[in-house]
Amino acid sequence: MRALVLVLLLTHPAPAQVAFRDSTADLGLTGVPSGNVKFADLDGDGRCDLVTGDGRPDASKGPRGHRVFLNVIDQKAPAEFRFVEKTDHGLPRGGSLAFADFDADGKLDCLYAPFLNVAVEGYKPPEGLPDGPAICFGQGDGTFSAPLRLAGIPARPHHVIAVGDVDRDGRLDFWLGSSYKRAPWLVDDSTGIGAGSDLALQVDSDARIAFRRVPWPTEAGDFASNPDAAAIPCYGGLIASLDGSPRPSIIELGYGRRVNRIWSWRDTAWVNEAPALGFDGDA
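These remarks concern the structure in this document. (Residues numbered from 1 in each chain as written. Predicted model: local features only at pLDDT ≥ 70, side-chain atom pairs only at ≥ 80, totals over all residues. Heavy atoms only, no water.)

## What to know about the overall build of the protein
Item 1. Within the protein, the secondary structure is distributed over one helix and 18 strands.
Item 2. Residue burial in the protein is summarised as follows: out of 283 residues, 43% are buried.
Item 3. Intrachain contacts of the protein at a sequence separation of at least 6 include 45% that bridge at least 24 residues. (Helix = DSSP H or I, 4+ residues; strand = E, 2+ residues; numbered from the N terminus. Buried < 20%, exposed > 50% of the residue type's maximum accessible area, 1.4 Å probe, protein only. Contact = heavy atoms within 4.5 Å.)

## A word on the nonpolar core
What tends to happen in soluble globular proteins is that the nonpolar side chains get buried as a cluster.
Item 1. With 15 residues, the main nonpolar core has Phe-102, Leu-111, Leu-150, Phe-174, Leu-176 and Phe-211 as its most contacted residues.
Item 2. Only strand E7 (96-100), strand E8 (109-113) and strand E12 (173-178) provide two or more residues apiece to this core.
Item 3. Setting aside residues no more than four positions away along its own chain, Phe-211 makes contact with Phe-102, Leu-150, Ala-151, Leu-172, Asp-173, Phe-174, Ala-200, Leu-201, Gln-202 and Val-203. (Core = buried A, V, L, I, M, F, W, Y, C linked by side-chain atoms within 4.5 Å.)

## Here we look at the sheet that holds E8
Item 1. Taken in spatial order, the four strands line up as E7-E8-E9-E10 in an open sheet, and their pairing is antiparallel. At either margin of the open sheet sits one strand with a lone partner, and together these are E7 and strand E10 (148-149).
Item 2. The pairing of strand E9 (residues 134-136) with E10 spans two bridges and is classified as antiparallel. Residue Ile-135 lies in a different strand from E10, and its bridge partner there is Leu-148. (Pairing = 2+ DSSP bridges.)

## Points about unusual backbone geometry
Item 1. Residues other than glycine seldom take positive phi values, yet Glu-80 does so here, at roughly 65 degrees.
Item 2. Of note, Arg-168 is a non-glycine position whose phi angle comes to about 55 degrees, a positive value.
Item 3. Secondary-structure assignment places Arg-168 in the loop between strand E11 (158-164) and E12.

## Observations concerning a nonpolar patch on the surface
Item 1. Residues Leu-253, Leu-277 and Phe-279 make up a contiguous nonpolar surface patch of about 260 Å² in total accessible area.
Item 2. When you line up the elements, Leu-253 lands in strand E16 (residues 249-253). (Patch = residues over 30% accessible without salt bridge, like charges linked within 9 Å, V, L, I, M, F, W, Y side chains within 5 Å. Areas by Shrake-Rupley, 256 points an atom, 1.4 Å probe, with all protein chains shown as cover. Salt bridge = Lys/Arg side-chain N within 4 Å of Asp/Glu carboxyl O.)

## Here's the deal with the pairing of E11
For a regular strand, side-chain orientation follows a simple rule: the groups alternate between the two sheet faces.
Item 1. Of all seven residues in E11, five are buried; the element is thus mostly enclosed.
Item 2. Summarising the sheet, E11 and E12 pair through six bridges and their orientation is antiparallel. Considered in E12, the bridge of Ala-162 is made with Trp-175.

## Looking at the side chain of Ser-145
Item 1. In this structure, Ser-145 sits in the loop between E9 and E10.
Item 2. A residue is classified by how much of its surface remains accessible, and Ser-145, at 18% relative accessible area, is buried.
Item 3. A distance of 2.8 Å separates a polar atom in the side chain of Ser-145 from the backbone nitrogen of Phe-137.
Item 4. If we skip the residues at most four places from it in the chain, Ser-145 touches Gly-90, Cys-136, Phe-137 and Gln-139. (Polar contact = N/O pair within 3.5 Å; in protein donor to acceptor, adjacent residues only side chain to side chain.)

## Structural notes on the pairing of strand E13 (residues 198-202)
Item 1. Counting buried positions along E13 yields five of five residues, so the element is predominantly enclosed.
Item 2. In E13, alternate side chains face the same way, and those of Asp-198, Ala-200 and Gln-202 on one face and Leu-199 and Leu-201 on the other are all buried.
Item 3. Of the strand pairs in this sheet, E12 and E13 are connected by three bridges, and their pairing is antiparallel. Paired with Leu-176 across the strands is Asp-198, a residue of E13.
Item 4. Summarising the sheet, E13 and strand E14 (residues 211-214) pair through four bridges and their orientation is antiparallel. By the bridge assignment for E14, Ala-200 is matched with Arg-213.

## Observations regarding the sheet that holds strand E6 (residues 81-86)
Item 1. With respect to topology, four strands assemble into an open sheet ordered E3-E4-E5-E6, the strand pairing being antiparallel. Each having just a single partner strand, strand E3 (38-40) and E6 make up the two edges of the open sheet. The average angle at which neighbouring strand axes cross in this sheet is 30 degrees, direction not considered.
Item 2. Of the pairings in the sheet, the one linking strand E4 (residues 49-53) to strand E5 (residues 66-73) comprises four bridges and is antiparallel in character. (Axes fitted to C-alpha atoms, helices over the stretch in contact; angles between N-to-C directions.)

## A look at the side chain of Arg-261
Item 1. The residue Arg-261 is located in strand E17 (residues 261-266) in this model.
Item 2. Given the relative accessible area of 1%, Arg-261 is considered buried.
Item 3. A polar contact of 2.8 Å, which involves the side chain of Arg-261, links it to the backbone oxygen of Ala-230.
Item 4. Dropping the residues within four chain positions of it, Arg-261 is found in contact with Thr-218, Pro-227, Asp-228, Ala-229, Ala-230, Ala-231, Ile-232, Ile-250, Ile-251, Glu-252, Asn-272 and Ala-274.

## Looking at the packing of aromatic side chains
Item 1. Per the counting criterion, the structure on display carries eight aromatic pairs.
Item 2. Between the aromatic rings of Trp-265 and Trp-270, the centroid separation amounts to 5.5 Å while the plane-to-plane angle is 70 degrees, which identifies the pairing as edge-to-face.
Item 3. Positioned above the aromatic ring of Phe-137, the side-chain terminus of Arg-208 is 3.8 Å from the ring centre. (Phe/Tyr/Trp six-rings, centres within 6.5 Å; stacked < 30°, edge-to-face > 60°. Lys NZ or Arg CZ within 6 Å of the ring centre and 35° of its normal.)

Laid out in structure tokens, this is it:
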């Protein structure tokens, strides 16, 4: 099992004396798994808290959970702060997480995207967990509400989340990337086709929060005839402003030749500009 190691940068008046020190034990993080580490201010005190996987090796017990550690001031600690575990955080097991204030109440919420192999024969929805993307509203103390399943966003093997204001209306939206449609480690007939991507824009609603899924360009692509136009397994994503356009671009990362994509909004459609920018792959 990989364990988390946290190294602090120690600064002194003389630049030549800058040094690093392993502070894992000092901060109370000895033996904490290092998978899916995220830092976010979950309790609104201006200090970054820590979220990581629990590293439980027994896969028969279902998806792994998450562990939450709050950053607390401790004048007696070597770094004058340490991390204290919050065991009643309420986050669902497994899946990918992203923390942002989606409902603009000043508290970070959690967007939850489970990895669900829905196209594999014999698939069964997870017991006791959302059957697709959901949101857990932050309570401002390191705990979260029960997950609210987001209507209209399909279940897929999601494992990439990008958050940002895509349509520039002042509200946070999100983009989800997925792995293989039929995972090669589960079936013998995997073709490398991706499970698809989902762009969701926040919309007005009588409910606390709601999103509208936007059709994505790769949905009409045919992998057999033109893989570059079809859905591919995605391994990273980012919403970012690259050229000053009214809307940000969505960067989709994969591996191999012609799998990186930069989706930019041009007039009335999303256009992949990665080939023109030389960002499309390693060839």
